[in-house]
Amino acid sequence: AGAKEGEEVKEQSEEEKAMGLSLSKRKGAHFVLQAGFGQEDVKEWMKLAESVFDDFHALLELSADKPVIDEPIQGFLLDTREQHEAYVDKLLTGSAGQKDWQKKGGGQWEPSPPRFEGWKGSGDKEEIADIAVHMSVHVLFHYHMQGADVAAWLYESIAYVFTVRLRRSALTHCITQS
């Protein structure tokens, strides 16, 4: 297997157990992806996530020897509303009201533990690929800014720049929320 595509993980993860799901999983140098799609799809999304990591460090002239984050970023790329709601119910922290609000969205990211989740429910793998890039940038940018209070529009703008740069698309529509 190529370094960028990571390695398949066969053991059930703690997150899968908590959600009551069986997901395809891959572990790369900087990401662990769990998805409600097949291994070939996850392999492609891992290549994108690892490219985001490299491109982020190169574009911002950051040292590869001292990455902005030194623990793997967990990514959950889900296919159905049921998978998305299981993620929100079992893995997100927050009040019932916050969780209800999150269930209406298409995904979110968290700094601790560093992870993101995205879903579309349409089975559109191009949209999921965009989510993988977009959300990876959110987590990396948060760690680069060392948790500083940064305007939502800046987070979204940076995520769109990288998505367009790497995918030549911008299918993730969260700019209206910022």
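Residues numbered from 1 in each chain as written. Predicted model: local features only at pLDDT ≥ 70, side-chain atom pairs only at ≥ 80, totals over all residues. Heavy atoms only, no water.

Draft legend 1. Quick look at the nonpolar core. Core analysis: the largest hydrophobic core is formed by 31 residues, its most contacted members being Phe31, Leu33, Trp45, Ile73, Leu77, Phe116 and Leu140. Contributions of two or more residues to this core are made by β3 (31-35), α2 (39-59), β4 (73-78), α5 (125-144) and α6 (152-167). Of the residues forming this core, the biggest block, 10 residues, is contributed by α5. Among the nonpolar cores identified, the runner-up in size contains 11 residues, and Leu23, Phe76, Leu78 and Leu91 belong to it. (Core = buried A, V, L, I, M, F, W, Y, C linked by side-chain atoms within 4.5 Å. Buried < 20%, exposed > 50% of the residue type's maximum accessible area, 1.4 Å probe, protein only. Helix = DSSP H or I, 4+ residues; strand = E, 2+ residues; numbered from the N terminus.)

Draft legend 2. Broad picture of the sheet that holds strand β5 (residues 107-110). Taken in spatial order, the 6 strands line up as β1-β2-β3-β4-β6-β5 in an open sheet, and their pairing is mixed. For this open sheet the edge positions go to β1 (7-9) and β5, each flanked by a neighbour on one side alone. On average, each strand axis in the sheet is tilted by 15 degrees relative to the strand beside it, whichever way the strands run. Across 3 bridges, β1 lies against strand β2 (residues 24-27) in antiparallel orientation. The residue bridging Val9 from the neighbouring strand is Lys25, located in β2. Seen against the sheet, α5 touches β3, β4, β5 and β6 (115-119) and runs at an angle of roughly 155 degrees to β6. (Pairing = 2+ DSSP bridges. Axes fitted to C-alpha atoms, helices over the stretch in contact; angles between N-to-C directions. Contact = heavy atoms within 4.5 Å.)

Draft legend 3. Quick look at helix α3 (residues 81-91). Buried within α3 are the following residues: Gln83, His84, Ala86, Tyr87, Val88 and Leu91. Of the surrounding elements, those touching the buried residues of α3 are α1 (14-19), β4, α4 (96-103), β5 and β6.

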